[in-house]
Amino acid sequence: MTLPLTVPPRQGLLTFMDFPLCTDLDALEADVAIIGMPYGDPYTFDEGGGGQDQIHAPTAVRAESARISVSPDQYDFDLGGTMLDGKPVRVVDCGDVPGDHHDFASHYPRAEAAARKIIGAGAMIITIGGDHGVPIPVFRAFEGHDTITLVHVDAHLDWRDEVNGATEGYSSPIRRAAELDWFGPIIQIGLRGQGSARTGEVRDAEAYGADLIPAHDLHAMGMAAVLDRIPDGGPYYLTVDADGLDPTEMPAVAAPVPGGVSFQQMRTLIHGLVAKGPVLGMDIVEITPSRDVNGITSLTAGRLIVNLIGAATRTGQFTGS
């Protein structure tokens, strides 16, 4: 084997797993569309001005994707075969929704418009945040859809109505989803420790009928038992805060809490959900790349994405699969 004199620089991939880039959402033809939404609704000026390191997470996850998967054509033991199972599943990366530091409020309308185009094209939307406010415009983009079951993995409840006057920040996404007619059952998995929730928010979640599953109950009963509590048939949307997983597996978070969900439990949840019904989308948020160790948090996020695409492919969810 003769080596060339030069090779391409060793750097992170520009798109997730080197899938094709599609920034013209009016021309989108895809079964799965991955999109970065770096910017949320900040609680302070410093957060909005770039002090919130989560804005770099979409880039970090893409950069690690060369290690997340060598190739979609390689055998994957999480899936029992290749990622796309030899089927003509079309996966694209739609890039990032840009933000304007002179107009923080303009980001969500752009994010919602982008999500509406992806959903309208019939693609599964996979969003990389950003903080946990960024799913809110995605939730709104499902307007008119059949009733969606929301599955939420997080250490925290996220039912605050407002913080510092902001009603669409990272402590509020589940309350905002509960206010939308097209969301129905809500299952919240991995709750533990203390966050922004006060007793009133817990009571509000319970009054809505949210199924609150603390991490200690999850570990006692197992994820298969949790899946039994999720209504059959779907459709589902999965929102994942990185601090929902245990910090030994996803250390790069701003609010680590011991005793979280394991990667293997997440794999069971993802594969179990797609077996029960169609998954319309997923987000993975709240990754803080500057706190990562060997890129393991971004790599783990990517493995969740791979498992969702691969498992959904095997259920025949995608056109032509």
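Preceding this section is the structure that the text describes.
What counts as what
- Residues numbered from 1 in each chain as written.
- Predicted model: local features only at pLDDT ≥ 70, side-chain atom pairs only at ≥ 80, totals over all residues.
- Heavy atoms only, no water.
- Helix = DSSP H or I, 4+ residues; strand = E, 2+ residues; numbered from the N terminus.
- Rg over C-alpha atoms; globule rule 2.2 N^0.38 Å.
- Buried < 20%, exposed > 50% of the residue type's maximum accessible area, 1.4 Å probe, protein only.
- Contact = heavy atoms within 4.5 Å.
- Areas by Shrake-Rupley, 256 points an atom, 1.4 Å probe, with all protein chains shown as cover.
- Disulfide = S-S within 2.5 Å.
- Phe/Tyr/Trp six-rings, centres within 6.5 Å; stacked < 30°, edge-to-face > 60°.
- Expected span 1.5 Å × (residues − 1).
- Pairing = 2+ DSSP bridges.
- Axes fitted to C-alpha atoms, helices over the stretch in contact; angles between N-to-C directions.

*Asks:* What should I look at first to understand the overall build of the protein in this one?
*Replies:* A count of helices and strands for the protein gives 10 helices and 10 strands. For 321 residues, the compact-globule estimate of 2.2 N^0.38 gives 20 Å, and the protein sits close to it at 19 Å. Structurally, the protein occupies a C-alpha span of about 70 × 45 × 40 Å along its principal axes. Taken across its 321 residues, the protein has 57% of its residues classed as buried. Looking at the protein alone, contacts between residues at least 24 apart form 81% of all its contacts between residues at least 6 apart. Accessible surface, the protein: about 13300 Å² in total, of which carbon and sulfur atoms supply 52%.

*Asks:* Explanation requested: unusual backbone geometry in the structure shown.
*Replies:* Excluding glycine, a negative phi dihedral is what most residues carry, and trans is how most peptide bonds are arranged. Going from Gly-129 to Gly-130, the amide bond is cis rather than trans, its omega being 20°. Looking at where Gly-130 falls in the secondary structure, it is placed in the loop between β5 (124-129) and α4 (135-141). A cis geometry characterises the amide bond from Gly-234 onward to Pro-235, with omega recorded as 0°. In this structure, Asp-85 takes a positive phi of about 55° despite not being glycine. By the element assignment, Asp-85 lies in the loop between β3 (81-82) and β4 (91-96). Judged by its relative accessible area of 33%, Asp-85 is partly exposed.

*Asks:* What's the story with the state of the cysteines in this structure? I'm lost.
*Replies:* Throughout this description, disulfide means a covalent bond between two cysteine sulfur atoms. This model, assessed by the stated rule, comprises 0 disulfides. Left unpaired, Cys-22 is separated from the closest cysteine sulfur, that of Cys-94, by 5.3 Å. In this structure Cys-22 comes out as buried when scored by relative accessible area, which is 15%. The class of Cys-94 is buried, set by a relative accessible area of 7%.

*Asks:* What exactly am I supposed to notice about the packing of aromatic side chains here?
*Replies:* When we look at a pair of aromatic rings, we describe it by the centre distance and by the angle of the planes. For the structure on display, the rule yields 5 aromatic pairs. Measuring from centroid to centroid gives 5.5 Å for Phe-139 and Tyr-237, while their planes differ by 85°, and the two rings are edge-to-face. One end of the pair, Phe-139, is in helix α4; the other, Tyr-237, is in strand β9 (residues 236-241), and 98 residues separate them in sequence. Taking the relative accessible area as the measure of exposure, Phe-139 reaches 0% and is therefore buried.

*Asks:* I tried to follow helix α3 (residues 107-120) on my own but got confused; where do I start?
*Replies:* Given 3.6 residues to a turn, an α-helix orients residues that are three or four positions apart in the same direction. Taking 1.5 Å per residue as the helical rise, α3 with its 14 residues ought to reach 20 Å, and the 20 Å between its terminal C-alpha atoms agrees with that figure. Tucked inside the fold, the buried residues of α3 contact β1 (32-37), β4, β5 and α4. A positive phi of about 85° marks Gly-122, the residue just after α3.

*Asks:* Please clarify how the sheet that holds strand β7 (residues 183-191) should be interpreted in this entry.
*Replies:* Sheet strands pair via backbone hydrogen bonds, and the direction of the pair is either parallel or antiparallel. Across the sheet, 8 strands lie side by side as β4-β1-β5-β10-β9-β6-β7-β8; this open sheet has parallel pairing. Where the open sheet ends on each side, the last strands, each with one partner, are β4 and β8 (211-214). Along the sheet, successive strands turn relative to each other by an average axial angle of 15°, direction set aside. Pairing analysis gives 4 bridges linking β7 to β8, with the strands arranged parallel. Within β8, the position partnered with Ile-189 by the bridge is Ile-213. Together, β6 (148-153), β7, β9 and β10 (279-285) form the strand contacts of helix α9 (residues 263-276), whose direction differs from that of β9 by roughly 165°. Along the sheet face, helix α10 (residues 296-314) touches β1, β4, β5, β9 and β10 and points at about 175° away from the line of β10.

*Asks:* It is not clear to me how the pairing of β4 should be interpreted in this structure. Could you clarify?
*Replies:* Regular strands place side chains that alternate from one sheet face to the opposite one. Burial of β4 is extensive: 5 of the 6 residues sit out of reach of the surface. Relative to β4, β1 is paired through 4 bridges, and the arrangement is parallel. Directly across from Ala-33, in β4, lies its bridge partner Val-92.

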